[in-house]
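Listed below are the residues making up each chain.
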Number of protein chains: 2
Amino acid sequence: MPQNIYDNEIFFQGYKRLRDTGAGLNDCLEQPAFRKLVPNIKGKILVDLGCGMGHLASWCVSQGAAKVTGIDISEKMLGIARERHSSEKIEYRRGSLEEFAFPAESVDVILSSLAFHYTADYNGLLKRIFSALKPGGYLLASMEHPVMTCSHFAAGWNQDEQGNNLNWRMDDYQHEGLRKGHWYVDNVERYHRTISTLINGLINNGFVVEHVSEPEAIPEAITTRPDLTDHSRRPPFLILKAKKP
Amino acid sequence: MPQNIYDNEIFFQGYKRLRDTGAGLNDCLEQPAFRKLVPNIKGKILVDLGCGMGHLASWCVSQGAAKVTGIDISEKMLGIARERHSSEKIEYRRGSLEEFAFPAESVDVILSSLAFHYTADYNGLLKRIFSALKPGGYLLASMEHPVMTCSHFAAGWNQDEQGNNLNWRMDDYQHEGLRKGHWYVDNVERYHRTISTLINGLINNGFVVEHVSEPEAIPEAITTRPDLTDHSRRPPFLILKAKKP
């Protein structure tokens, strides 16, 4: 059973505040790069895996998507999504990445923003995504970068006595698997996988890799939050775009 | 003009000793992974870019290659190659990655072991490689991993007072370009590029990415050199295999 941390009340309130205030990295770093890589979705059938509060599903409808199925494991997240981003073109469904399955060749584009690092079964997920996609269909997925997830115990910046970031600590890279860390609450579970595992997984499941992105903060955001430049010192996220031939 | 550090007498003697004693990472880590990824080369026309002392070119002939052109910028390296690994099936030529050009669609497989990080013009090199390859041909190239080349000033391990490696320092990731460092001599020039630049460069030039490898030391080597396990804490090399469709 995957962890459902977003339904933890303390986590949920912390995360909701993060997204509502725009203090996270989604709006200023991850989503701008992600949305530029979304293929043509006009009139297309989409799935949004780990849809959270529905920001992305709603944006896809604004860009002309015919139908978006937003799937998330958290009832609390889906509650917000239905409240704020409801649309006759969006169907929100509770479900996990582990259970995700759609009829073969029924979906044009599968999107997933910052959810893949929560699943233990990357390969199984890719198999089910590949099956669900129509030929010519796309998978676009962002995830925590392996340099962020790798360290078991030492993740973070080395800092000087004034608290300035000196450099990023990296360790345990080839040791894939579960990482537990503190994010609003203890023991938030994520899974570390190497760059080669992430990319070869796509290739071995039949995908053609079309683009790899390691986004930086957008310049407008850096104006008011100069600390965002530190995310250019080591990449926080990895975005993979792949096509089913 | 690219730097020709391998013709520096002090560098050359240091590097030659490294390779002759097997103290480097080539024999115990990079080449085992690299050679497993070499496609079928029986009866094929090959180019070895940055052939050095001819180890790889010679191995390719032993595996049935019909013809290998070994290209290196260093006369000293080519001198050793001609002395130790001469074969009627190998032609050693002096040349740089920057000048490399072969007639269009004349080569089956282009190999390059640990040379790509020396060129400033990755994109130009890929264009010329793509042109030289026959349709269905392969490029297989290993290079220093971006987590090794990224840091301008802080590359290396954080260590405790006993000199044990605590974690790897990472910095300056998105700032691509020239890095100067000490390796036998000062100011050895390498070029840092991100994972996304390295992979998208292949895709944008028409290649299909077939495999990505971040090799670890082979178990036999770790038996006598347990310190090699530290290379699993952060990957020293990246190997990319790509096909011209």
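Our structure is the block above this text.
Residues numbered from 1 in each chain as written. Chains lettered and ligands numbered in written order. Predicted model: local features only at pLDDT ≥ 70, side-chain atom pairs only at ≥ 80, totals over all residues. Heavy atoms only, no water.

Some details on the sheet that holds strand β7 (residues 165-170) of chain A
Piece 1. As summarised here, the arrangement of the 4 strands in space is β6(A)-β7(A)-β7(B)-β6(B), forming an open sheet in which the pairing is antiparallel. Looking at which strands have only one partner, the edges of the open sheet turn out to be β6 (156-159) of chain A together with β6 (156-159) of chain B. Going across the sheet, the axis of each strand differs from the next one's by a mean of 50 degrees, ignoring polarity.
Piece 2. Looking at chain direction, β7(A) and strand β7 (residues 165-170) of chain B are connected through 3 bridges and run antiparallel. Among the inter-strand pairings, A:Trp168 is bridged to a residue of β7(B), identified as B:Met170. (Pairing = 2+ DSSP bridges. Helix = DSSP H or I, 4+ residues; strand = E, 2+ residues; numbered from the N terminus. Axes fitted to C-alpha atoms, helices over the stretch in contact; angles between N-to-C directions.)

Some remarks on empty space enclosed by the protein
All names here are of chain B.
Piece 1. Taken as a whole, this structure holds 4 cavities of 30 Å³ or more when the rule is applied.
Piece 2. Approximately 70 Å³ is the volume found for the largest cavity.
Piece 3. Forming the walls of the largest cavity are Phe116, His117, Tyr122, Met143, Glu144, His145, Pro146, Thr149, Tyr191, His192, Arg193 and Leu198.
Piece 4. Within the residue set of the lining of the largest cavity, elements represented by two or more residues are β5 (133-144), α6 (146-149) and β9 (185-192). (1 Å grid on protein atoms, 1.4 Å probe; cavity = no way out; pocket = protein on both sides within 12 Å on 5 of 7 lines; lining within 4 Å. Points joined across faces, edges and corners; volume = space filled by probe spheres on them.)

Observations concerning the interface of chain A and chain B
Piece 1. The interface of chain A with chain B comprises 30 residues on the first partner and 30 residues on the second.
Piece 2. Between chain A and chain B lies a buried interface of about 2500 Å² when both sides are counted; carbon and sulfur atoms form 52% of it.
Piece 3. Summed over the three residues of chain A that lose the most area to chain B, namely A:Met170, A:Gln174 and A:Glu214, the buried surface amounts to 24% of that side.
Piece 4. Residues A:Arg233 and B:Asp171 are paired through a salt bridge, measuring 2.7 Å at the closest nitrogen-oxygen approach.
Piece 5. Between the two partners, chain A and chain B, sit 22 residue pairs in polar contact (both at pLDDT 80 or more). (Contact = heavy atoms within 4.5 Å. Buried area = accessible area lost by both parts, 1.4 Å probe. Salt bridge = Lys/Arg side-chain N within 4 Å of Asp/Glu carboxyl O. Polar contact = N/O pair within 3.5 Å; in protein donor to acceptor, adjacent residues only side chain to side chain.)

Quick word on the sheet that holds strand β1 (residues 45-49) of chain A
All names here are of chain A.
Piece 1. With respect to topology, 7 strands assemble into an open sheet ordered β3-β2-β1-β4-β5-β11-β10, the strand pairing being mixed. Edge strands, defined here as strands with exactly one partner in the open sheet, are β3 (90-94) and β10 (208-213). In this sheet, neighbouring strand axes are inclined to one another by 15 degrees on average, regardless of whether the strands run parallel or antiparallel.
Piece 2. Looking at chain direction, β1 and strand β2 (residues 67-72) are connected through 5 bridges and run parallel. Note on β2: the bridge partner recorded for aspartate 48 is glycine 70.
Piece 3. Sheet contacts for helix α2 (residues 26-37): β4 (107-113), β5 (133-144), β10 and β11 (237-243); angle to β11, the most-contacted strand, approximately 15 degrees.
Piece 4. Those strands touched by helix α4 (residues 75-84) are β2 and β3, and its axis lies near 165 degrees from that of β3.

Some details on the pattern of salt bridges
All names here are of chain A.
Piece 1. The final tally for this structure, using the stated rule, is 25 salt bridges over all chains.
Piece 2. Arginine 94 is the salt-bridge partner of aspartate 7, the closest N and O atoms lying 3.4 Å from each other. Of this pair, aspartate 7 sits in the segment before α1 (9-21) while arginine 94 sits in strand β3, placing them 87 residues apart in sequence.
Piece 3. Judged by relative accessible area, arginine 94 falls into the partly exposed class, the value being 47%.
Piece 4. Residue glutamate 9 is joined to lysine 76 by a salt bridge in which the shortest nitrogen-to-oxygen separation is 2.5 Å. One end of the pair, glutamate 9, is in helix α1; the other, lysine 76, is in helix α4, and 67 residues separate them in sequence.
Piece 5. Because the salt bridges share partners, they merge into one network encompassing Asp7, Glu75, Arg82 and Arg94. (Buried < 20%, exposed > 50% of the residue type's maximum accessible area, 1.4 Å probe, protein only.)

Overview of unusual backbone geometry
Only a minority of non-glycine residues have a phi that is not negative, and only a minority of peptide bonds are not trans.
Piece 1. One non-glycine residue with positive phi stands out, namely A:Asp172, at about 60 degrees.
Piece 2. Among the secondary structure elements, A:Asp172 is positioned in the loop between β7 and β8 (177-183).
Piece 3. Residues other than glycine seldom take positive phi values, yet B:Glu105 does so here, at roughly 55 degrees.
Piece 4. In this fold, B:Glu105 is placed in the loop between β3 (90-94) and β4 (107-113).

Comments concerning the relation of the copies chain A and chain B
Piece 1. Between the two copies, chain A and chain B, the superposition gives an RMSD of 0.0 Å; the rotation angle is 180 degrees and the shift along the axis is 0.0 Å. Considering both components of the superposition, the chain copies are consistent with a two-fold axis. Of every C-alpha in chain A, the one belonging to A:Arg169 sits nearest the axis of rotation, 2.7 Å from it.
Piece 2. Interface residue correspondence from chain A to chain B reaches 100%, placing this contact among same-surface, isologous pairings. (Least-squares fit on C-alpha atoms with pLDDT ≥ 70 in both.)

Digging into the environment of B:His192
All names here are of chain B.
Piece 1. Looking at the element boundaries, histidine 192 is found in strand β9.
Piece 2. Here the alpha-carbon distance between histidine 192 and serine 151, two residues 41 residues apart in the chain, equals 8.8 Å.
Piece 3. If near-sequence neighbours (up to four positions away) are discounted, histidine 192 is found in contact with Pro146, Thr149, Cys150, Asp172, Tyr173, His175, Glu176, Gly177 and Arg179.
Piece 4. Looking at histidine 192, its side chain comes within polar contact range of the main-chain nitrogen of cysteine 150, at 3.5 Å.

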